Amino acid sequence: MNNKKGNGKINIKSKNNIITRKNVLIVIAAVLLAIISSVVSIKYVLFKINYKELKELNNPSGINVEVVAEKHIKNIISEVGPSLVSVGSNIEDLESHKLPSNNSTGVILTKNGLIMISYSSIKDYKKIYVKLPAKGVKPKKATLLGYNKETDTALIKVQCNDLVPIKVSNDTLIREGSIVYAVGNSIGANYIGLITPGIVTSTIHRVRVYGDDYKLIQTNAPMNNENYGGVLCNVYGELIGINSKYITNKYDEDNLFFAIGIDVIKDITKNIVKEFDILGLRGSEIKINNIQKKGFYIESLDENGKAAKAGIRPTDIILLANNKPILSYDDLIKDIKNSDNKNKVELQILRDGKTKKIYIVM
């Protein structure tokens, strides 16, 4: 159709686009905003899904997993820190605070100085020193009471009466999905050296000790030489296990880690103390100025122990056992165990300035 006024025609007009810096910036900003919104939405959804699953798994222990992790960590440092020690073969290593470290983490079990440590970490030590979790305190010499190779645990003791023992959890609350933290202090820092979070991934593994099977705890909480031998705890800072390098290396499953459960810790401690404390006495090394010697000063006695029944008294100083010098309880037990005569021990003691022989029947 031909229409002078142009009716019935579709006119397409061409217009040159004007590109400016302002237009480009607007477009880029819009694209970035869209991307950020998408990412935030996805992360929020994943956050809610993961925490929903964890919350369902943690219901038996009453843990609110939506509590910020930082709050857990602050509480754990406050609860666990005073019960961790660094254990080494010399004072210099314990005071250096350097990595890599030759030291290990130990866990205080009792107020009077019982400490659990990994046996493999101290088995070659000629001397054992402990750096307590307090600023300015010098490392103390420790005595090895006993050990269990199968669980890689050892019990040592320092002469103290005011330590802070670790709080122990109710073992029945430990199950897959429970949030846990692996805590250690091998570098002699004040209270905490390393803390890593995770969950319990399995409790089906077992270790056989003293004829019984005990629970092992598998977790994805990362462990290394800084927190092996240290505490595996719940969000309340309560002990649920001792982190084990030996058990972890033994199973070596899917980059997961292992801790020894509460029951085996209690039984090992009880059996080692029972075997070690055969004499029923407590004391410390002492220097005897007038004759320039050292000995083992008796501070207290178990009235039903072998030492008390043999006639040993508090304030006695043991100089010799089977003619060998005695400076510590560790020396005394070693000499008794290595003696040719297992049934009778000859002690030379100092009492009221005079030496005397006493015989203990084993």
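Rules used throughout
- Residues numbered from 1 in each chain as written.
- Predicted model: local features only at pLDDT ≥ 70, side-chain atom pairs only at ≥ 80, totals over all residues.
- Heavy atoms only, no water.
- Helix = DSSP H or I, 4+ residues; strand = E, 2+ residues; numbered from the N terminus.
- Buried < 20%, exposed > 50% of the residue type's maximum accessible area, 1.4 Å probe, protein only.
- Areas by Shrake-Rupley, 256 points an atom, 1.4 Å probe, with all protein chains shown as cover.
- Pairing = 2+ DSSP bridges.
- Salt bridge = Lys/Arg side-chain N within 4 Å of Asp/Glu carboxyl O.
- Core = buried A, V, L, I, M, F, W, Y, C linked by side-chain atoms within 4.5 Å.
- Contact = heavy atoms within 4.5 Å.
- Phe/Tyr/Trp six-rings, centres within 6.5 Å; stacked < 30°, edge-to-face > 60°.
- Lys NZ or Arg CZ within 6 Å of the ring centre and 35° of its normal.
- Axes fitted to C-alpha atoms, helices over the stretch in contact; angles between N-to-C directions.
- pLDDT = per-residue confidence, 0-100.

**Q** Looking at this structure, how should I read the overall build of the protein chain?
**A** Secondary structure assignment for the protein chain yields eight helices and 19 strands. Each of the 362 residues in the protein chain was classed as buried or not, and the buried ones make up 42%. Summing over all exposed atoms, the protein chain offers an accessible surface of approximately 20700 Å²; the carbon and sulfur share of this is 52%.

**Q** Explain the pairing of strand E9 (residues 206-209) to me, please; I cannot follow it from the model alone.
**A** Within a regular strand, the side chains alternate between the two sheet faces. Going residue by residue along E9, you find Val-207 and Val-209 tucked away on one face and Arg-206 and Arg-208 left uncovered on the opposite face. Where E9 meets strand E10 (residues 212-219), four bridges bridge the pair, whose relative direction is antiparallel. From the neighbouring strand, Val-209 faces E10, where its bridge partner is Asp-212. Here E9 hands over to E10 after two residues, with Tyr-210 in that stretch at a positive phi of 55 degrees.

**Q** Help me out: how do you make sense of the pattern of salt bridges in this one?
**A** Taken as a whole and assessed by the stated rule, the structure comprises six salt bridges. In this structure, Glu-79 and Lys-167 form a salt bridge, with 2.9 Å as the shortest nitrogen-oxygen distance. With Glu-79 in helix H2 (residues 69-80) and Lys-167 in the loop between strand E6 (153-157) and strand E7 (179-184), this pair connects stretches of sequence that are 88 residues apart. A relative accessible area of 48% means that Lys-167 is categorised as partly exposed. Among the ionic pairs, Glu-95 bridges to Lys-138, the shortest N-O distance being 3.3 Å.

**Q** In this structure, what is going on with the nonpolar core? I would like to understand it.
**A** Grouped together as the largest cluster of nonpolar side chains are 31 residues, with contacts concentrated most on Val-80, Val-183 and Val-231. The element best represented in this core is helix H6 (residues 262-276), accounting for five residues. Once you skip the residues sitting within four places of it in the chain, Val-183 turns out to touch Ile-76, Val-80, Leu-84, Ile-192, Leu-194, Ile-195, Asn-227, Gly-230, Val-231, Cys-233 and Asn-243. Ranked by size, the runner-up nonpolar core spans 18 residues in total, among them Ile-298, Ala-307, Ile-326 and Ile-333.

**Q** Just to check I follow, could you spell out the environment of Gln-348 for this structure?
**A** With respect to the secondary-structure elements, Gln-348 resides in strand E18 (residues 344-351). Residue Gln-348 is classed as partly exposed on the basis of its relative accessible area of 22%. Linking Gln-348 and Asn-323, residues 25 residues apart in sequence, is a C-alpha distance of 7.8 Å. Dropping the residues within four chain positions of it, Gln-348 is found in contact with Ile-317, Ile-318, Leu-319, Leu-320, Thr-355 and Lys-356.

**Q** Any chance you could explain the packing of aromatic side chains here in plain terms?
**A** When we look at a pair of aromatic rings, we describe it by the centre distance and by the angle of the planes. In the structure shown here, the tally under the stated rule is two aromatic pairs. Ring centres of Tyr-119 and Tyr-147 lie 4.0 Å apart, and the angle between their planes is 10 degrees; on these two criteria the pair is classed as stacked. Remark: Tyr-147 occurs in strand E5 (residues 140-148) and Tyr-119 occurs in helix H4 (residues 119-122); sequence separation between them is 28 residues. A relative accessible area of 13% means that Tyr-119 is categorised as buried. The class for Tyr-147 is partly exposed, based on a relative accessible area of 40%. If you follow Lys-344 out to its NZ or CZ, it ends over the ring of Tyr-359, 4.8 Å from the centre.

**Q** Where do I start with the sheet that holds E6 in this structure?
**A** As a general point, the strands of a sheet are linked pairwise by backbone hydrogen bonds and lie either parallel or antiparallel. Pairing is antiparallel in the closed barrel, where six strands are placed in the order E1-E2-E3-E6-E5-E4. Adjacent strand axes in the sheet meet at a mean angle of 40 degrees, parallel and antiparallel pairs treated alike. Direction of pairing for strand E3 (residues 114-118) relative to E6: antiparallel, over a ladder of five bridges. Directly across from Ser-118, in E6, lies its bridge partner Thr-153.

**Q** Please clarify how unusual backbone geometry should be interpreted in this entry.
**A** A negative phi angle is the norm for most residues apart from glycine, just as the trans form is the norm for most peptide bonds. Of note, Thr-315 is a non-glycine position whose phi angle comes to about 80 degrees, a positive value. Relative to the helices and strands, Thr-315 resides in the loop between helix H7 (306-310) and strand E16 (317-321). The phi angle at Asn-322 is positive, at roughly 55 degrees, despite the residue not being glycine. We classify Asn-322 as partly exposed; its relative accessible area is 23%.

**Q** In this structure, what is going on with the confidence of the model for the protein chain? I would like to understand it.
**A** Regions with low pLDDT should not have their predicted coordinates read in detail. Of all residues in the protein chain, 76% attain a pLDDT of 70 or more, and the chain-wide mean is 77. Segment residues 1-18 is flagged for pLDDT under 50; beyond a separation of four residues in sequence, or across chains, it makes one contact in the model. Ignoring residues within four places in sequence, the model shows residues 37-68, a span with pLDDT below 50, making 27 contacts including any to other chains.

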